[in-house]
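Understanding the architecture of this molecule
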Amino acid sequence: MKSIDHALLELEKLIDIKIKDYSIPETKGDTVRINHILIRPSKHQGYIVIDTKINKSITTTFSKVGAVAVAKAYLKSLPIIKFTKLDNTIEKHVNDSRFYSYIINKTEDTIRKDTLESRLEFAKCKISYAKDSLDQFILNDIR
């Protein structure tokens, strides 16, 4: 049995060494860690991206996928503005979707309802596009 336990320990050490070459997110509770970047839920809204080496907040984001993309871009020394804009797009269209859904449920006017349903569909498409773009960046170095 000791040889299996020893082999498992060696495998775990090998994985720990190799995983540092990739920026793979590690989750513990609500916190996500990517190398020395920490992503925590904000008390008010969204997520806070923190650099633990310099103990400084990088930015706040609306979505978790946006926070992970910002963290990966920061680790690669890429400008994060592109990813914060995509995250802002998600935030805007999520809020719009909530508004449209509320009005659709409350209104009696069929023309207004049809108009808002098309706007709701457009907002959902924008959310999907932004999330797909962020996911593609996040998973790009893993593939």
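Source: prediction; values computed, not measured.

Helix and strand counts for the protein stand at four helices and five strands. Starting at the N terminus and ending at the C terminus, the protein contains elements arranged as α-β-β-β-β-β-α-α-α. Considering only C-alpha atoms, the protein reaches an extent of 75 × 40 × 30 Å along its principal axes. Out of the 143 residues belonging to the protein, those deemed buried represent 32%. Of the contacts formed within the protein by residues at least 6 apart in sequence, a portion of 41% connects residues at least 24 apart. Total accessible area on the protein is roughly 10000 Å²; 54% of this is exposed by carbon and sulfur atoms. In the protein, 25 side chains carry a positive charge and 19 a negative one; their mean positions are 5 Å apart.

This part covers the nonpolar core. Core analysis: the biggest nonpolar cluster contains 23 residues, and Ile39, Val49, Phe83, Ile90 and Leu134 have the highest contact counts within it. Sort the elements by how many residues they give to this core and helix H2 (residues 64-75) lands first, with seven residues. Non-local contacts of isoleucine 90, meaning those with residues more than four positions away in its chain, are made with Phe62, Ser63, Val65, Ile127, Ala130, Lys131 and Leu134. Counting five residues, the second-largest nonpolar core is a separate cluster that includes Tyr100, Ile103, Ile104 and Leu120.

Its twelve residues place the ends of H2 17 Å apart at the C-alpha level, agreeing with the 16 Å of an ideal helix rising 1.5 Å per residue. By the criterion of burial, H2 is predominantly enclosed, with nine of the twelve residues buried. Considered for burial, the residues of H2 that qualify are Val65, Gly66, Ala67, Val68, Ala69, Val70, Ala71, Lys72 and Ala73. The elements touched by buried residues of H2 are strand S2 (31-34), strand S3 (37-41), strand S4 (47-51), strand S5 (56-61), helix H3 (81-106) and helix H4 (110-140).

Here the structure, examined in full by the defined rule, presents two salt bridges. Between glutamate 26 and lysine 28 there is a salt bridge, and its shortest N-O distance comes to 3.9 Å. Its salt-bridge partner being aspartate 96, residue lysine 92 comes within 2.4 Å of it at the nearest N-O pair. Note that lysine 92 and aspartate 96 are positioned in helix H3 at a spacing of four residues, about one turn of the helix. With relative accessibility at 45%, the residue lysine 92 sits in the partly exposed group.

What follows concerns the pairing of S3. When S2 meets S3, the two strands line up antiparallel, connected through three bridges. Each residue of the ladder has a partner; that of arginine 33, found in S3, is leucine 38. From the end of S2 to the start of S3, which pair antiparallel, there are two residues, and asparagine 35 there has a positive phi angle of about 50 degrees. Where S3 and S4 come together, five bridges link them in antiparallel fashion. The partner of arginine 40 across the bridge, within S4, is isoleucine 48. Counted along the chain from S3 to the antiparallel partner S4, the turn is five residues long, and its residue glycine 46 has a positive phi close to 80 degrees.

The subject of this paragraph is the side chain of threonine 107. Examined against the element boundaries, threonine 107 turns out to sit in the loop between H3 and H4. Taking relative accessible area as the criterion, threonine 107 reaches 13% and is therefore assigned buried. Within the structure, threonine 107 has its side chain in polar contact with the backbone nitrogen of aspartate 109 (distance 3.2 Å). Every residue in contact with threonine 107, bar those within four places of it in the chain, is listed here: Arg112 and Lys113.

About the thresholds
Throughout this document, residue positions are counted from 1 along each chain, in the order its sequence is written. Totals for whole chains, interfaces and linings use every residue, but because this is a predicted model, local features are given only for residues with pLDDT of at least 70 and side-chain atom pairs only at 80 or more, for both listing and counting. Heavy atoms from the whole structure form the basis of all side-chain values; hydrogens and water molecules are not counted. To qualify as a helix, a DSSP run of H or I must reach at least 4 residues; to qualify as a strand, a run of E must reach at least 2; elements of each kind are numbered from the N terminus. Under the scheme applied here, a residue whose accessible area is under 20% of the maximum for its type counts as buried, over 50% as exposed, and between as partly exposed, the area being computed with a 1.4 Å probe on protein chains only. It only takes one pair of heavy atoms within 4.5 Å for two residues to be counted as in contact. Note on areas: Shrake-Rupley with a 1.4 Å probe; residue coverage comes only from the protein chains shown. This count recognises Lys and Arg as positive and Asp and Glu as negative, with His and chain-terminal groups excluded. For the purpose of locating charges, the reference atoms are NZ of Lys, CZ of Arg, CG of Asp and CD of Glu. In this description, a nonpolar core means a group of buried Ala, Val, Leu, Ile, Met, Phe, Trp, Tyr and Cys residues linked to one another through side-chain atoms lying within 4.5 Å. Expected span, for any helix, means 1.5 Å times one less than how many residues it has. Put simply, a salt bridge is a Lys or Arg side-chain nitrogen that is within 4 Å of an Asp or Glu carboxyl oxygen. Only strands that DSSP links by at least two bridges are regarded as paired with each other. Think of a polar contact as two N or O atoms within 3.5 Å of one another; within protein, one of them needs to be a possible hydrogen donor and the other a possible acceptor, and neighboring residues in sequence only count if both atoms come from side chains.

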